[in-house]
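Structure assessment
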Amino acid sequence: MLFVFPADAQEVDARIQQVMSSPHALEKAQIDGKKAAYFCANCHGDTGNSAYDYIPNLAGQHPGYLLNQIRKFADGRRQDDFMSGMIKVMKDEERFNIAIYYSAQTVQPAAANESAQAARGKEIFRSICASCHGPQGHGSQNFARLAGQHARYVSESLDKYRKGTKERNDPVMGSVARRLSDSDIAALAAYIPTMK
Ligand code: HEC
Ligand code: HEC
């Protein structure tokens, strides 16, 4: 089945809608996805909550967003030594089911942070980030879920966008990230992991 590659995003959306609207198909995709994710779980965690601060949580991400990032790793628009190689050897069906499985898991946010730095992060989030990532940071098909993401992963990702190297050079996030100072990024990284 070739609906992720080379199918376009609309075909992928249609397939996601189809599976989400059928309780039976959804359950099957989740069961198959959990099995196919046994290797991913070493790094991203059984329930998509990673135990490593530089590895993103996948729990609660929209399946369309996850599949889009998988496509980017596969075609080189996003580069990571490990992910880029591994994604290429996976079957489409596995990619799809894994995305459905992780999207249905619940992310475990970090404990509340009462610092002035986190309060400033909240203000920056409201004024710059909420318009795309959602007021609660829950994301969507096109925009990553940020709520509950690891601090180090958030700050390293923002730095990659700011530098615009081949590791991660999305033009939209690039123009957002270039407006942020180091202390803005530190403030956002204090606040975002605590969002529920
Ligand atoms: C050896 C550790 C490791 C394993 C195993 C691993 N990943 Fe990853 N994954 C990473 C790292 C590190 C990143 C972040 C790379 C970056 O910053 O661009 C990542 C990023 C991702 C992302 C992007 C998430 C986002 O928020 O944008 C997806 C999707 C993903 N991995 C899926 C998978 C899947 C599916 C598997 C199993 C088939 C898997 N990974 C196995 C380490 C791993
Ligand atoms: C105009 C829309 C827009 C705005 C505003 C925006 N983002 Fe994004 N963001 C995106 C898109 C699109 C992506 C996915 C880019 C990609 O494919 O790499 C993204 C991805 C990200 C990621 C990577 C998440 C992951 O799981 O890998 C982080 C971190 C992020 N944004 C943080 C922020 C922060 C913090 C702000 C506010 C300072 C912000 N964004 C504002 C559109 C936006």
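The structure contained in this document is the topic of the report that follows. Quantities reported herein were computed from a predicted structural model and do not represent experimental measurements.

Not every one of the 24 residues close to ligand 2 is listed here, only the nearest: Cys129, Cys132, His133, Tyr153 and Met173. In the model, an oxygen atom of ligand 2 is placed 2.5 Å from a nitrogen or oxygen of the Tyr153 side chain. Separating an oxygen atom of ligand 2 from a side-chain N or O atom of Tyr161 is a distance of 2.7 Å. Those elements that place two or more of their residues in the shell around ligand 2 are α4 (63-75), α7 (116-133), α8 (151-163) and α9 (171-177). For the shell around ligand 2, the leading source of residues is α7, giving five residues. Residues that form the shell around ligand 2 fall into these classes: 16 nonpolar, five polar and three charged. Among the domains, domain 1 (9-103) and domain 2 (116-194) are the pair contributing at least three residues each to the shell around ligand 2.

Quick look at the coordination of the iron atom of ligand 2 now. Within the protein, His133 (NE2) and Met173 (SD) serve as the donor atoms for the iron atom of ligand 2, at 2.0 to 2.2 Å. Seen from the iron atom of ligand 2, its six donor atoms lie at angles of 84 to 179 degrees, and the figure they make is octahedral. Taken together, the residues span a long stretch of sequence, with His133 in helix α7 and Met173 in helix α9 at a distance of 40 residues. According to the relative accessible area criterion, His133 is buried, its value standing at 12%. Taking the relative accessible area as the measure of exposure, Met173 reaches 17% and is therefore buried.

Moving on: the nonpolar core. Among the nonpolar cores identified, the biggest contains 42 residues, and Leu67, Tyr102, Phe125, Leu158, Leu188 and Ile192 are the most heavily contacted of them. Breaking this core down by element, the ones donating at least two residues are α1 (9-20), α4, α5 (81-88), α6 (92-103), α7, α8, α9 and α10 (182-191). If one sorts the elements of this core by residue count, α6 sits on top with six residues. Built from parts of two domains, this core gets at least three residues from each of domain 1 (9-103) and domain 2 (116-194). With residues near it in sequence (within four places) discarded, Tyr102 still touches Ala37, Cys40, Ala41, His44, Gly45, Asp46, Thr47, Gly48, Leu58, Ala59, Gly60 and Leu66.

What follows concerns the environment of His150. Relative to the helices and strands, His150 is located in the loop between α7 and α8. The exposure class assigned to His150 is buried, which follows from its relative accessible area of 18%. Each C-alpha atom of the pair His150 and Pro109 lies 8.5 Å from the other, and the pair is 41 residues apart in sequence. Setting aside residues up to four positions removed in sequence, His150 forms contacts with Ser50, Tyr52, Asp53, Ile55, Asn57 and Pro193. In this structure the side chain of His150 is engaged in a polar contact, spanning 2.9 Å, whose partner is the backbone oxygen of Ser50.

What follows deals with the site of ligand 1. As a matter of local geometry, ligand 1 sits amid 22 residues, with Cys40, Cys43, His44, Arg78 and Met83 nearest to it. Between an oxygen atom of ligand 1 and a side-chain N or O atom of Tyr65, the distance comes to 2.8 Å. Here an oxygen atom of ligand 1 sits 2.8 Å away from a polar atom, N or O, in the side chain of Arg78. When residues of the shell around ligand 1 are traced back to their parent elements, those giving at least two are α3 (41-44), α4, α5 and α8.

The terminal C-alpha atoms of α6 lie 17 Å apart, and with 12 residues this matches the ideal 16 Å at 1.5 Å per residue to within 8%. Of all 12 residues in α6, 10 are buried, a share of seventy percent or more. The set of residues buried in α6 consists of Asp92, Arg95, Phe96, Asn97, Ile98, Ala99, Ile100, Tyr101, Tyr102 and Ser103.

Basis of the calculations
Residues numbered from 1 in each chain as written. Chains lettered and ligands numbered in written order. Predicted model: local features only at pLDDT ≥ 70, side-chain atom pairs only at ≥ 80, totals over all residues. Heavy atoms only, no water. Near = heavy atom within 4 Å. Polar contact = N/O pair within 3.5 Å; in protein donor to acceptor, adjacent residues only side chain to side chain. Helix = DSSP H or I, 4+ residues; strand = E, 2+ residues; numbered from the N terminus. Nonpolar A, V, L, I, M, F, W, Y, C, P; charged D, E, K, R; others polar. Domains from an automatic or database assignment. Donors = N, O, S within 2.8 Å, 3.2 Å for Na, K, Ca; no water. Tetrahedral: all angles 85-135°; square planar, octahedral: opposite > 155°, others 65-115°. Buried < 20%, exposed > 50% of the residue type's maximum accessible area, 1.4 Å probe, protein only. Core = buried A, V, L, I, M, F, W, Y, C linked by side-chain atoms within 4.5 Å. Contact = heavy atoms within 4.5 Å. Expected span 1.5 Å × (residues − 1).

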